[in-house]
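# Fold and geometry: a report
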Amino acid sequence: MLGDYNSIMGNTGGDLRAEFDWRASHAIWYESPVWNGFQASVMISPGQNTAKDNSDYALGDFNCPATSSRGSGSGFPLTSAPEGCTDGSYGNLYSASLTYNNGGFTGIAAYELHEGTNRTGDEAVTALSNGGVLTVPAGAVGIANEWAAKVGGGYKFNDVIGSLQLYGIYEIMRRQNTIAAFNERSRDGYFLSATQTVDKWDVSASWAHANASPGSPGTGVLNAYPVGGVPVSAPAGAADFALNTVDSSADQYAIGVKYHFSPFVSWYMVGSYLRNGPGAHYCLGASGHGYAVCGRDANNNVVSGNKAEAVTTGMTFDF
């Protein structure tokens, strides 16, 4: 849904994909039995990339690794540079997690590594509309490992009107061997949520926050409004300013209700608000099941610093 926490959590640079919430192809995993409330899981996804620098599709796939279908960086025509999978494609994936459940308490710790993440498509010389130039030299971003780790916990207890669930998560994401001024893939993030149950109703609220990254190799365009004689959208590839000169933090706030008609059927409605800092470009609904809302103009230029609002509703049928 559009208020899902993956709009920010697990999402290294914003946009339409949460690289660390990707449903990996050709994966092998193991889930241990539950022992005194503990359960461990491990997963390996062989890269199977036909290029040594991971700049091609994996064998059997028709989408660049870790990208949304036909989305930015996917390799689909008109969405990627002609050099191929150079906007986040990686080789092998390794992931592990440990959970603990006891009574109303839940705890989790997890780690994931992406080997040889190719972001050479970020290396370019871009002219800015103010007369300046953003130069990202060869090797400044390059091909490097990216990893993420998170810890979280929650507690569910009964109160005077029903039950209350409180949860929190802290995440760390890092890209190695990258010049800080162009590193938008390293940051910390936070998520807090609360759900109050009253009879057949659940009322929820959440907050997700992305700290600013050390830098960025990208550029943004100023948001334009219809003015006589002025184009609404800048030409494709336009750039007004470098994103590493402004704050790239972001916040998402969401509130929602769910009504349970039965143990198997429920209805929900969620409202969400996303505040991007002037150098951030996160999307509502990234990695979700619905249509994502992103800060892009008609020519697919990044309109950083945008604010997005949305309401989503639907029903679930468990069977």
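Shown above is the structure to which this text applies.
This section reports on the structure supplied with the text. (Residues numbered from 1 in each chain as written. Predicted model: local features only at pLDDT ≥ 70, side-chain atom pairs only at ≥ 80, totals over all residues. Heavy atoms only, no water.)

### A closer look at the packing of aromatic side chains
- Enumeration according to the criterion identifies 11 aromatic pairs in this entry.
- Ring geometry for Trp201 versus Tyr259: centroids 4.8 Å apart, planes at 55°, classification tilted. Residue Trp201 is located in strand β10 (residues 201–210), and its partner Tyr259 is located in strand β13 (residues 250–260); the two are separated by 58 residues in the primary sequence.
- Each residue in the set Trp201, Tyr259, Phe261 and Trp267 is aromatic and connected to the rest through ring pairs, giving one cluster. (Phe/Tyr/Trp six-rings, centres within 6.5 Å; stacked < 30°, edge-to-face > 60°. Helix = DSSP H or I, 4+ residues; strand = E, 2+ residues; numbered from the N terminus.)

### Examining the nonpolar core
- Among the nonpolar cores identified, the biggest contains 14 residues, and Ile8, Met9, Phe191, Ala250, Leu274, Tyr282 and Leu284 are the most heavily contacted of them.
- Elements that contribute at least two residues to this core include exactly β10 and β15 (307–317).
- Setting aside anything within four residues of it in sequence, one finds Ala250 in contact with Ile8, Ala208, His209, Ala210, Arg275, Asn276, Gly277, Ala280 and Tyr282. (Core = buried A, V, L, I, M, F, W, Y, C linked by side-chain atoms within 4.5 Å. Buried < 20%, exposed > 50% of the residue type's maximum accessible area, 1.4 Å probe, protein only. Contact = heavy atoms within 4.5 Å.)

### Examining the state of the cysteines
- Inspection of every chain in the model, using the stated rule, returns two disulfides.
- Two residues, Cys283 and Cys294, share a disulfide whose sulfurs are 2.2 Å apart. Handedness of the Cys283-Cys294 disulfide follows from its S-S torsion of about 115°: it is right-handed. With Cys283 in the loop between β14 (265–276) and β15 and Cys294 in the loop between β14 and β15, the pair connects residues that are 11 residues apart, well separated along the chain. (Disulfide = S-S within 2.5 Å.)

### What to know about the environment of Gln252
- Mapping Gln252 onto the fold places it in strand β13.
- With relative accessibility at 1%, the residue Gln252 sits in the buried group.
- As a C-alpha pair, Gln252 and Ala238 span 14 residues in sequence and 28 Å in three-dimensional space.
- Setting aside residues up to four positions removed in sequence, Gln252 forms contacts with Leu2, Gly3, Asp4, Tyr5, Ser7, Ile8, Ser206, Trp207, Ala208, Tyr273, Leu274 and Leu284.
- Here Ser7 takes part through its side chain, which lies 3.0 Å from a polar atom of the side chain of Gln252. (Polar contact = N/O pair within 3.5 Å; in protein donor to acceptor, adjacent residues only side chain to side chain.)

### Quick look at empty space enclosed by the protein
- Under the counting rule described, the total for this entry stands at two cavities of 30 Å³ or more.
- In this structure, the largest cavity is lined by 14 residues; those nearest its centre are Gly13, Glu184, Ser213, Ser248 and Gly279.
- When its residues are assigned to classes, the lining of the largest cavity shows three nonpolar, nine polar and two charged.
- The space that makes up the second largest cavity amounts to roughly 50 Å³.
- Surrounding the second largest cavity, Trp22, His26, Ser45, Pro46, Gly47, Ala58, Asp61, Pro65, Tyr90 and Gly91 form its lining.
- Here the lining of the second largest cavity is composed, by residue class, of five nonpolar, four polar and one charged. (1 Å grid on protein atoms, 1.4 Å probe; cavity = no way out; pocket = protein on both sides within 12 Å on 5 of 7 lines; lining within 4 Å. Points joined across faces, edges and corners; volume = space filled by probe spheres on them. Nonpolar A, V, L, I, M, F, W, Y, C, P; charged D, E, K, R; others polar.)

### Overview of the sheet that holds β15
- In space, the 11 strands of this open sheet follow the order β1-β2-β3-β4-β7-β8-β9-β10-β13-β14-β15, with antiparallel pairing throughout. Because the sheet does not close on itself, it has two edges, and the strands there are β1 (28–31) and β15. The average undirected angle you get between the axes of adjacent strands in this sheet is 10°.
- As judged from the 11 bridges shared by β14 and β15, these two strands associate in the antiparallel manner. The residue bridging Ser272 from the neighbouring strand is Ala310, located in β15. (Pairing = 2+ DSSP bridges. Axes fitted to C-alpha atoms, helices over the stretch in contact; angles between N-to-C directions.)

### Some remarks on the side chain of Thr178
- Within the secondary structure, Thr178 is located in the loop between β8 (163–175) and β9 (187–198).
- Side chain to side chain, Thr178 and Arg175 meet in a polar contact 3.0 Å long.
- The contact partners of Thr178, leaving out residues within four places of it in the chain, are Ala140, Val141 and Asn183.

### What about unusual backbone geometry?
- Look at Gln48: it is not a glycine, yet its phi comes out positive at around 50°.
- Classification of Gln48 as partly exposed rests on a relative accessible area of 33%.

Function-wise, these values are silent; they only describe arrangement.
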